[in-house]
Amino acid sequence: MLLAAEMGTFCILVAPLPYAVRKRLFRFLSESPIVAKIAYGLKISFIFVGILFVDALQRMFRVTAESDLGKSHGQPMQDVRTETNFAARKFYAQRNVYLTGFTLFLSLVLTRCFYIILDLIHVQEEYAKLKQETAGKSRASGSSDQKTIEDLKAKLTASEAKARDFDTLKKQAAQNASEYDNLATKYNSATGQVSDKRKD
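Residues numbered from 1 in each chain as written. Predicted model: local features only at pLDDT ≥ 70, side-chain atom pairs only at ≥ 80, totals over all residues. Heavy atoms only, no water.

### Points about the nonpolar core
Counting eight residues, the largest nonpolar core is built from Leu-13, Phe-26, Leu-110, Cys-113, Phe-114, Ile-117, Leu-118 and Ile-121. Beyond its immediate stretch of four places on either side in the chain, Ile-121 contacts Tyr-19, Arg-22, Lys-23 and Phe-26. (Core = buried A, V, L, I, M, F, W, Y, C linked by side-chain atoms within 4.5 Å. Buried < 20%, exposed > 50% of the residue type's maximum accessible area, 1.4 Å probe, protein only. Contact = heavy atoms within 4.5 Å.)

Set out below in structure tokens:
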């Protein structure tokens, strides 16, 4: 029964459950006080299973040694019932070794598998948190970068406007200077004076 229960538990642990269901299940198994008491009782029972495994192993070795001793002395079995009884003892000894051994081995596999899946769930939770934090930081940095870009665009537009105003002022100054020169030339020609500027 213990081996069958371990096999059923192992099938549940490795079943492809959805992440939310698996998270709730493993949180319940790891935090429930009832499950902790059951696990404590199972540890005690596995100690007894270990003792049974050692006993079954000794019996199997003893039955095998008796069989080898009988074959080495060349003593045939007395009758069919004795031979059947000896074969049954050997079968029961081997069966007990296999059952107790597989029960102990599967208990180790279940324990390790449980903690591996629990660590996987914790890592997935940490990954989800880091992903959310990174997404929040990228959104904040993206908005700050957007604001910086808009400020730089505004400054560039203002600089271009100032440059256009300066070019317009230069053109107006050049036009005013040429107009002044024309008027001065006309005035000088009308009054008969020669401007020092126009001697060159």
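Alright, that's what it looks like, and here's the rest.
### Regarding the pattern of salt bridges
On inspection of all chains with the given rule, the structure shows three salt bridges. When the shortest N-O distance is used, the salt bridge between Arg-27 and Glu-125 registers 3.1 Å. A residue pair is termed long-range when its members are at least 10 positions apart, and Arg-27 in helix H2 (residues 19–31) and Glu-125 in helix H4 (residues 80–191) qualify at 98 residues. In this structure Arg-27 comes out as partly exposed when scored by relative accessible area, which is 40%. (Salt bridge = Lys/Arg side-chain N within 4 Å of Asp/Glu carboxyl O. Helix = DSSP H or I, 4+ residues; strand = E, 2+ residues; numbered from the N terminus.)

### Comments concerning the packing of aromatic side chains
Inspection of every chain in the model, using the stated rule, returns three aromatic pairs. On the basis of an interplanar angle of 20° and a centroid distance of 5.3 Å, the ring pair of Phe-26 and Phe-114 is categorised as stacked. Taken together, the positions of Phe-26 in helix H2 and Phe-114 in helix H4 put the pair 88 residues apart, joining distant regions of the chain. Neither Phe-26 nor Phe-114 differs from the other in exposure class; each is buried. Consider the rings of Phe-91 and Tyr-92, whose centres lie 5.7 Å apart with planes at 55°: the pair is tilted. Taken together through their ring pairs, the aromatic side chains of Phe-26, Phe-114 and Tyr-115 make up a single cluster. (Phe/Tyr/Trp six-rings, centres within 6.5 Å; stacked < 30°, edge-to-face > 60°.)

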